[in-house]
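# Residue-level structure breakdown
The lines below spell out each chain.
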Amino acid sequence: AITITADRGYSGSRAAGAVAAAWTWAHQLGATSAFLFAVLAFAGSNKAFNYIPDIHNELAEQFEAFTPVVWGFLGLSAATFMKAVGFAEVALGVAGVALPGAKRVAASILACILAGATYTHLAMEDGRTAPVAFLCALSVYVAAGYDQSTAPNKRD
């Protein structure tokens, strides 16, 4: 039998304890945060690593088009800029999932990255602004603490 106490402790077998700990972790993370961090870690990983060649090549073409126009002042090549954004998205996505206490910080930094992406798609007028703007708004939502597990006025 598994007993989960009010302080989220547990008693019972080792397997039951692992299940209870996993359930607690998933509850603390929240579905909104899990979705956000998983999507961005996946998107970032294909920018950083070429594991789906068609998508990676399309992203590389997009970065080639907008990096000099919108982000040229940074002095980075399009390939370097794409890898930097990809590694940042992966690192922040993993940190947001693996370290529930760091999810608001990770979401805040991702909101800044996604605000830049939203600006880029608006400036390039490529018709791809809506999904990025949605993820940016979702990042702000998580960063502000309004996802299901960290709502400021939530009572246990």
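Residues numbered from 1 in each chain as written. Predicted model: local features only at pLDDT ≥ 70, side-chain atom pairs only at ≥ 80, totals over all residues. Heavy atoms only, no water.

### Observations regarding unusual backbone geometry
The test is simple: Strands here are runs of E lasting at least two residues and helices are runs of H or I lasting at least four, both read from the DSSP assignment and numbered beginning at the N terminus.
Even without a glycine there, the phi angle at Glu 125 is positive, about 50°. Here Glu 125 lies in the loop between α5 (103-124) and α6 (129-143).

### Here we look at α6
Our working definition: Working rule for helices: expected span equals 1.5 Å times residues minus one. Buried residues are those whose accessible area, probed at 1.4 Å on protein chains only, stays under 20% of the maximum for their type, while exposed residues exceed 50% and partly exposed ones sit between those limits. In what follows, a contact means two residues having at least one pair of non-hydrogen atoms within 4.5 Å.
With 15 residues, α6 extends 21 Å between its outermost C-alpha atoms, agreeing within 8% with the 21 Å of an ideal straight helix rising 1.5 Å per residue. Three or more residues of α6 are buried, namely Thr 129, Val 132, Leu 135, Cys 136, Leu 138, Ser 139, Val 142 and Ala 143. Packed against the buried residues of α6 are α2 (31-48) and α5. Downstream of α6 by a residue or two, Gly 145 has a phi angle that is positive, lying close to 90°.

### Focus on the pattern of salt bridges
To keep things clear, this is the line we draw: Counted as salt bridges are all cases of a side-chain nitrogen of Lys or Arg within 4 Å of a carboxyl oxygen of Asp or Glu.
What the rule picks out here adds up to 2 salt bridges. As a salt-bridge pair, Glu 89 and Lys 47 come within 2.9 Å of each other at their nearest N and O atoms. Here Lys 47 lies in helix α2 and Glu 89 lies in helix α4 (residues 78-98), a separation of 42 residues in the sequence. On the basis of relative accessibility, which here comes to 3%, the residue Glu 89 falls in the buried class. A salt bridge links Glu 58 to Arg 128, with the shortest nitrogen-to-oxygen separation between them at 3.2 Å. With Glu 58 in helix α3 (residues 53-70) and Arg 128 in the loop between α5 and α6, this pair connects stretches of sequence that are 70 residues apart.

### As for the packing of α4 against α5
Rules: Axes here refer to lines fitted to C-alpha atoms; in helices the fit is confined to the stretch in contact. Angles between the N-to-C directions go from 0 to 180 degrees. Working rule for angles: under 35 degrees goes down as roughly parallel, over 145 as roughly antiparallel, 65 to 115 as roughly perpendicular, anything else as oblique. Note on convention: the crossing is left-handed when the near helix lies turned anticlockwise from the far helix by less than a right angle, right-handed when the turn is clockwise.
Where α4 contacts α5, the two axes come as close as 8 Å, and the packing angle between them is 155°. Between α4 and α5, the angle is such that the two are roughly antiparallel. Classified by chirality, the crossing of α5 by α4 is left-handed. Two secondary-structure elements touch here, α4 through Val 85, Ala 88, Glu 89, Leu 92 and Gly 96 and α5 through Lys 103, Ala 106, Ile 109, Leu 110 and Ile 113.

### Considering α2
In this model, α2 (18 residues) spans 25 Å end to end at C-alpha, consistent with the 26 Å of a helix rising 1.5 Å per residue. Those residues of α2 lying buried are Thr 32, Ser 33, Leu 36, Phe 37, Leu 40, Ala 41, Gly 44, Ser 45, Asn 46, Lys 47 and Ala 48.

### Section: the packing of aromatic side chains
Where we set the bar: Note on aromatic pairs: the rings of Phe, Tyr and Trp (six-membered ring only in Trp) are paired at centre separations within 6.5 Å, and the planes decide the class, stacked below 30 degrees, edge-to-face beyond 60, tilted for the rest.
Applying the stated rule across the entire model yields 7 aromatic pairs. Between the aromatic rings of Phe 49 and Phe 87, the centroid separation amounts to 5.3 Å while the plane-to-plane angle is 85°, which identifies the pairing as edge-to-face. Linking Phe 49 in the loop between α2 and α3 with Phe 87 in helix α4, this pair joins segments that are 38 residues apart in sequence. What makes Phe 87 partly exposed here is its relative accessible area of 42%. Centre to centre, the rings of Trp 71 and Phe 81 are 6.1 Å apart; their planes meet at 35°, and the pair counts as tilted. In this pair, Trp 71 is assigned in the loop between α3 and α4 and Phe 81 in helix α4, connecting sequence segments 10 residues apart. When its relative accessible area of 19% is taken as the criterion, Trp 71 is described as buried. What makes Phe 81 buried here is its relative accessible area of 12%.

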